[in-house]
Amino acid sequence: MPKGLRLLIAKEVKDLLRDPKILIGLILFPALLLPLMGAAINVSTWSTIEKASGNLTAYIIDDDGGSVVEDLQRYASENWINLTVTSGNPADVVKTLEGGGTIVYVPAGFSQNVTSNTVGSLILYTNFKEFSIVEFIKAQRVSDLISAFEDAVVKNKVEGSMPGSDPNSVLNPISVEHESVIKGTAQPISPTLLQSVVRLQGLMGPLVIMIVLILAMQVAATSMAVEKEAKTLETLLTIPVSRLSILFGKLVGSVAIALLATIANVLAFTYYIGALTSQMSTGAAGSDLISLGLVPSVQGYLVLGLTLFGALISALALALTLGTLSQDVRGAQSIIGIIIVPVFLPTIFLMMGDISTLPAAIQLVLYLIPFTYPVLASQALITGNYGPILLGLVYMAVFTFATLYIAARVFSTEKVMTARLAFRRKGRREV
Amino acid sequence: MAPIVVIRDLIKEYSGRRALDGVSLEINEGEIFGLIGPNGAGKTTALRVLSTIIKPTSGYAEVCGKDIVKEGSAVRKLISYLPEEAGAYPNLSGYEYLRFMASFYYGNGGEIKAALAEGERISGLGDRMRDKTSTYSKGMRRRLLLARTLMVRPRLAILDEPTSGLDVTHAFHLRNVIKSYSKEHDTTVLLSSHNMLEVEYLCDRVAFINEGRIVEVGSPSGLRARHEAANLEEAFVKVVRVA
């Protein structure tokens, strides 16, 4: 590596890492904020669950006095819900309860109806004060208790009317098992579950790609604009180092910082998602792509690497060129705010679906955006569908060389000093 | 003595407007040469062309026999340019900034070290050299940048308004450094300035530039005598009025 380029890269990394805007805004802030959010979710979820999952006291106003009500009370106490008998008008009594407090009102004739195979009605009164998760969980627990009790009553009736039979078999006479054939191998997983596993894990690729590209563009445009704002560019152009070295120094320096920022972001994001999903029981836990036989191939990673590299270089060349045309950091960030739209469009469109299912016009737009191909390549790791990507690689190579050529042209001519964005008002030049 | 800078019929146009309109000049080795003119006269454009930042529309210029257009990279090894509105990297210390710049000019650690010592001496910033340049006053930053310009011992130092906007103390320091450094190292200096007193004090020869044209060249005393003026300011006004 030429000495000038090495010096410029070292300076670039040092200068950017010491820049509070970069260090705090792009690396430390997400690295700390996302885990903090995850921890906060963990703490609040656990405290909510703890508060709502202990022994619960609900109330019952019994105008029936029948045997089914006694069964219900016994069933409730076996399931950690104490149904305390109270009296009065349920609509009035419920107002005196704490938030989430529930009254089970049993009208007269309830037991008679249930035992004579007609519908017995109950009314649940719940007092909501803060609409907190705890209140909803408490109310739901009483509702779930009634449903479970209903199942027990039904099974009891089945056993009574069909002695010796299994009530579960009577109530669910047909059982379905799934065998999904994945890349030629049958796997015992339902299509619904498979979709949730593939989508959840396939989501990360496009998201990470979007984060890398956007961060790299922000870093590159900012570093170029800082050079202008701090009035260091003019001096840099007169020292004995080639202008292409200055361009590539900025490219490599920006990639290095963007990778650092990406590692921080991805680690933080993974922790955050982990904290979030650990609270969910999806039934897909334990299912991953590898255990389902969806092992990405080496060629797949190579294609992903190539498309990502091309996207990164062209994004940086574009950002550096536009950063050069900006007067200051704020101007550069405004421009980047506009040009990141084509970066996140493919992620948004392809995060939840297949490109072939989109309308033809949107497909065309996405195929014209070079940043679509790394997203497609990350999906192809799972699907193995490389058809449009291989053609896209040629397009990406052309686009990358074109953006690099434009950036090199801007740098190698006096445009690096004199060019201004066309939509800016032309001012008088100092000569 | 062969001139170190030769400029012939230099023209520079921006969108059809001529910033330089046929400038011709010669600057001798070891002299301090001043370019004087009002705002928009073409001083900065002339210095940027010589520094290889921008290319002339037509005409010819050379530094130490090297064509500034065809041999730009060779010229950049011979010159050191201080722009009027230059800055230093705010997140680097003064010392780190000088070391970064010196590394482009010298191959080994000993030479870089010597250049750094020279830079520290020229700047006169002492312990503040270890502080980030973002903490410097305008005057301190200008002293650091002049040190950066001169520490690499250029054959030609190009200084655009070196003391512009500085207080008396910093301006005094910079002027003395430029004068003594040029004499000590036989360094040729081309500077632009609005400050006629500064130019009279510093320069061996000056050129008046107005509307992109050189309208007069000579020593400060010679120009004063030729135009029967009490000082350069008066001489400049008389010349421009005639031109």
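Small disclaimer: the values here were computed from a predicted structure and weren't measured.

Enquirer: Could you give me a rundown of the overall build of chain B, with the residues and numbers involved?
Expert: Helix and strand counts for chain B come out as 9 helices and 10 strands. Against the 2.2 N^0.38 benchmark of 18 Å for 243 residues, chain B shows a C-alpha radius of gyration of 18 Å, consistent with a compact globule. Seen along its three principal axes, the alpha-carbon backbone of chain B occupies a region of about 50 × 40 × 40 Å. Here chain B, with 243 residues, has 56% of them falling under the buried criterion. For chain B, the share of sequence-separated contacts (at least 6 apart) that also reach a separation of at least 24 residues comes to 65%. Accessible surface, chain B as shown: approximately 9,700 Å² in total, 48% of it carbon and sulfur. With 33 positive and 30 negative side-chain charges, chain B shows a spacing of 4 Å between the two charge centroids.

Enquirer: For the overall build of chain A, give the residues involved together with the corresponding values.
Expert: From N to C terminus, chain A includes 17 helices and 6 strands. Within chain A, buried positions represent 45% of all 431 residues. Taking as baseline every contact in chain A between residues at least 6 positions apart, the subset at least 24 positions apart corresponds to 75%. Here chain A displays about 22,200 Å² of accessible surface, and carbon together with sulfur accounts for 64% of that area.

Enquirer: Got a sec to walk through unusual backbone geometry? Specific residues and values, please.
Expert: All names here are of chain B. Non-glycine residue Ser 15 carries a positive phi angle of around 50°. Look at Asp 186: it is not a glycine, yet its phi comes out positive at around 55°. Inspection of the secondary structure assignment puts Asp 186 in the loop between helix H6 (168-185) and strand E8 (188-193).

Enquirer: Break down the sheet that holds strand E5 (residues 66-67) of chain B for me, with residues and values.
Expert: Strand pairing in a sheet is mediated by backbone hydrogen bonds. Such pairs are either parallel or antiparallel. Residue and element names in this part refer to chain B. Taken in spatial order, the 4 strands make up an open sheet running E2-E1-E4-E5, and their pairing is antiparallel. Two strands lie at the open edges of the sheet, namely strand E2 (17-28) and E5, each paired on one side alone. When strand E1 (residues 3-14) meets E2, the two strands line up antiparallel, connected through 9 bridges. Bridge assignment links Leu 10 to a residue of E2, and that residue is Val 23.

Thresholds applied
For every chain, the first residue of the written sequence is number 1, and numbering continues from 1 along that sequence. Chains carry letters from A onward and ligands carry numbers from 1 onward, assigned in written order. A pLDDT threshold of at least 70 governs which residues receive local features in this predicted model, and a stricter bar of 80 or more applies before side-chain atom pairs are shown or counted, although totals over entire chains, interfaces and linings include all residues. Side-chain numbers here rest on the full set of heavy atoms in the structure, without hydrogens or water. Helix and strand assignments come from DSSP, with helices taken as H or I runs of at least 4 residues and strands as E runs of at least 2, each series counted from the N terminus. Computation of the radius of gyration draws on C-alpha atoms, with the globule rule given as 2.2 Å multiplied by the number of residues to the power 0.38. Burial classes: relative accessible area under 20% of the type maximum marks a residue as buried, over 50% as exposed, and values in between as partly exposed (1.4 Å probe, protein chains only). Residue contacts follow a heavy-atom distance rule, with two residues in contact if any of their heavy atoms lie within 4.5 Å. Accessible surface area values rest on a Shrake-Rupley calculation with a 1.4 Å probe, where residue burial reflects the displayed protein chains alone. Positive residues here are Lys and Arg, negative ones are Asp and Glu, while His and the chain termini are left out of the count. In this description, the location of a charge corresponds to atom NZ of lysine, CZ of arginine, CG of aspartate or CD of glutamate. Between any two strands, at least two bridges found by DSSP are needed for them to pair.

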